[in-house]
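# Observations on the model geometry
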Amino acid sequence: MTRLATRRMIKIDALPAFTDNYIWLLQDPERRRCAVVDPGDAAPVLAWLAAHPGWQLSDILVTHHHHDHVGGVERLKAASGARVLGPAQEKIPARDLALAEGDQIEVLGHGFRILEVPGHTLGHIAYYQAEQHWLFCGDTLFAGGCGRLFEGSPEQMHESLSRLAALPGQTLVYCTHEYTLSNLRFALAVEPDNRQIARRLEQVSAWRAAGRISLPSNLDLERATNPFLRSGEAAVKERIEQRDGRRERSPSEVFAGLRAWKDTF
Ligand SMILES: [Zn+2]
């Protein structure tokens, strides 16, 4: 049997946590095994497992050390014996496997490559599955926005986002927060003439009004509408230069200007 023939069909759902976090739940229905990404709270995952008898939680994937991403890890590991994977450069509770740039791992029969994406935190990693086009990027790239710079520099975050933006356009962006609506309002303030941003804002507003999740996004859409991936665009550069009164900025300086503006938007 070829490797392709044994590859598992995986279903991915979001388990809401706290006010605006999502815990991504990857499910292999045939083997009744599942994995979660960034369980800041164990309760939603334990409730799902209780409602699905016979299912085994096999892996817990962590992108970075913030409490709303790791708060449920120890309880879930104790309850299930799941393997805990997380960034090598950060303190992750109950971690079994420490991951660094270029590492290859297998979860539910699918290979993932690890990308180090410092900026939001210094050791932040992303999990990328090239055949299925999945990107679990934590608090680095958001739909229409990006994470705050708690530990890294604008240059680091700009470089990290540029790496993610260079992945294929159909890549699905599974980030960890429902911030899309406020991100797109900012995006429209940056680029008032960008029709794609206006259309996306309208669409996401309708989804949210109907209680629908706005994720996953994809990289084609992000490159067209996310200002933090567009700091090389003339319109974005001009807007930041006009706002801050400084000329001839590099894309990473434009990015820094955007991030500072968004912090108080
Ligand atoms: Zn965070």
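Residues numbered from 1 in each chain as written. Predicted model: local features only at pLDDT ≥ 70, side-chain atom pairs only at ≥ 80, totals over all residues. Heavy atoms only, no water.

### Focus: the overall build of the protein
Scanning the protein for helices and strands turns up ten helices and 14 strands. In terms of C-alpha radius of gyration, the protein reaches 19 Å, essentially the compact-globule figure of 18 Å for 265 residues. Based on the C-alpha atoms only, the size of the protein along its principal axes is roughly 60 × 40 × 40 Å. Of the roughly 11,700 Å² of accessible surface on the protein, a fraction of 49% belongs to carbon and sulfur atoms. (Helix = DSSP H or I, 4+ residues; strand = E, 2+ residues; numbered from the N terminus. Rg over C-alpha atoms; globule rule 2.2 N^0.38 Å. Areas by Shrake-Rupley, 256 points an atom, 1.4 Å probe, with all protein chains shown as cover.)

### Looking at the sheet that holds strand E4 (residues 56–61)
An order of E1-E2-E3-E4-E5-E6 is seen for the six strands of this open sheet, with the pairing classed as mixed. Pairing within the sheet leaves two strands with one partner each, and these edge strands are strand E1 (11–17) and strand E6 (97–99). Between one strand and the next, the sheet's axes are offset by a mean angle of 25 degrees, whatever the strand orientation. As judged from the three bridges shared by strand E5 (residues 83–87) and E6, these two strands associate in the parallel manner. Considered in E6, the bridge of Gly86 is made with Ala98. (Pairing = 2+ DSSP bridges. Axes fitted to C-alpha atoms, helices over the stretch in contact; angles between N-to-C directions.)

### Overview of unusual backbone geometry
The step from Leu215 to Pro216 runs through a cis peptide bond, and the omega angle for that step is -5 degrees. Mapped onto the elements of the fold, Pro216 is located in the loop between helix H7 (195–209) and strand E14 (217–218). Located in the positive-phi region is Asp38, a residue other than glycine, with phi close to 55 degrees. Considering the arrangement of structural elements, one finds Asp38 in the loop between strand E3 (33–37) and helix H2 (43–51). Even without being glycine, Leu108 reaches a positive phi, approximately 50 degrees. With respect to the element layout, Leu108 can be found in the loop between strand E7 (104–107) and strand E8 (110–116). Look at Leu108 and you get buried, because its relative accessible area is 7%. (Buried < 20%, exposed > 50% of the residue type's maximum accessible area, 1.4 Å probe, protein only.)

### Examining the pairing of strand E9 (residues 125–129)
Taken across its five residues, E9 has five buried, putting it largely inside the fold. Alternating residues of E9 divide into Ile125, Tyr127 and Gln129 and Ala126 and Tyr128, and every residue in both groups is buried. Where E8 and E9 come together, four bridges link them in antiparallel fashion. Its bridge partner lying in E9, Glu116 is registered against Ile125. Two strands pair when backbone bridges link them, and E9 and strand E10 (residues 134–138) are joined in this way by three bridges, in the antiparallel orientation. What sits directly across from Gln129, in E10, is Trp134. Where E9 folds back on E10, the antiparallel hairpin that results is connected by four residues, among which His133 adopts a positive phi of roughly 65 degrees.

### Things to note about the nonpolar core
The biggest cluster of nonpolar side chains holds 49 residues, and the ones touching the most others in it are Leu26, Tyr127, Phe136 and Leu164. Beyond its immediate chain neighbours, meaning those up to four positions away, Leu26 contacts Ile10, Lys11, Ile12, Arg33, Cys34, Ala35, Val37, Leu108, Phe112, Trp134 and Phe136. Val36, Ala42, Trp55 and Ile60 belong to the second largest nonpolar core, which has 20 residues in total. (Core = buried A, V, L, I, M, F, W, Y, C linked by side-chain atoms within 4.5 Å. Contact = heavy atoms within 4.5 Å.)

### Topic: the layout of surface pockets
The computed volume of the largest pocket comes to approximately 240 Å³. Along the wall of the largest pocket there are 15 residues; nearest its centre are Phe142, Gly147, Arg148, Phe150 and Tyr179. Listed by contribution, the elements that provide at least two residues to the lining of the largest pocket are helix H6 (180–190) and helix H10 (251–263). A per-class count over the lining of the largest pocket returns four nonpolar, six polar and five charged. (1 Å grid on protein atoms, 1.4 Å probe; cavity = no way out; pocket = protein on both sides within 12 Å on 5 of 7 lines; lining within 4 Å. Points joined across faces, edges and corners; volume = space filled by probe spheres on them. Nonpolar A, V, L, I, M, F, W, Y, C, P; charged D, E, K, R; others polar.)

### Regarding the coordination of the zinc ion
The protein atoms donating to the zinc ion are His64 (NE2), His66 (ND1), His120 (NE2) and Asp139 (OD), with metal-donor distances spanning 2.1 to 2.4 Å. Seen from the zinc ion, its four donor atoms lie at angles of 89 to 167 degrees, and the figure they make is irregular. Each donor residue of the zinc ion lies on one chain, and together they are spaced H-x1-H-x53-H-x18-D. With His120 in the loop between E8 and E9 and Asp139 in the loop between E10 and strand E11 (141–142), this residue pair connects regions lying 19 residues apart in the sequence. As far as burial versus exposure is concerned, His120 and Asp139 are alike and both buried. (Donors = N, O, S within 2.8 Å, 3.2 Å for Na, K, Ca; no water. Tetrahedral: all angles 85-135°; square planar, octahedral: opposite > 155°, others 65-115°.)

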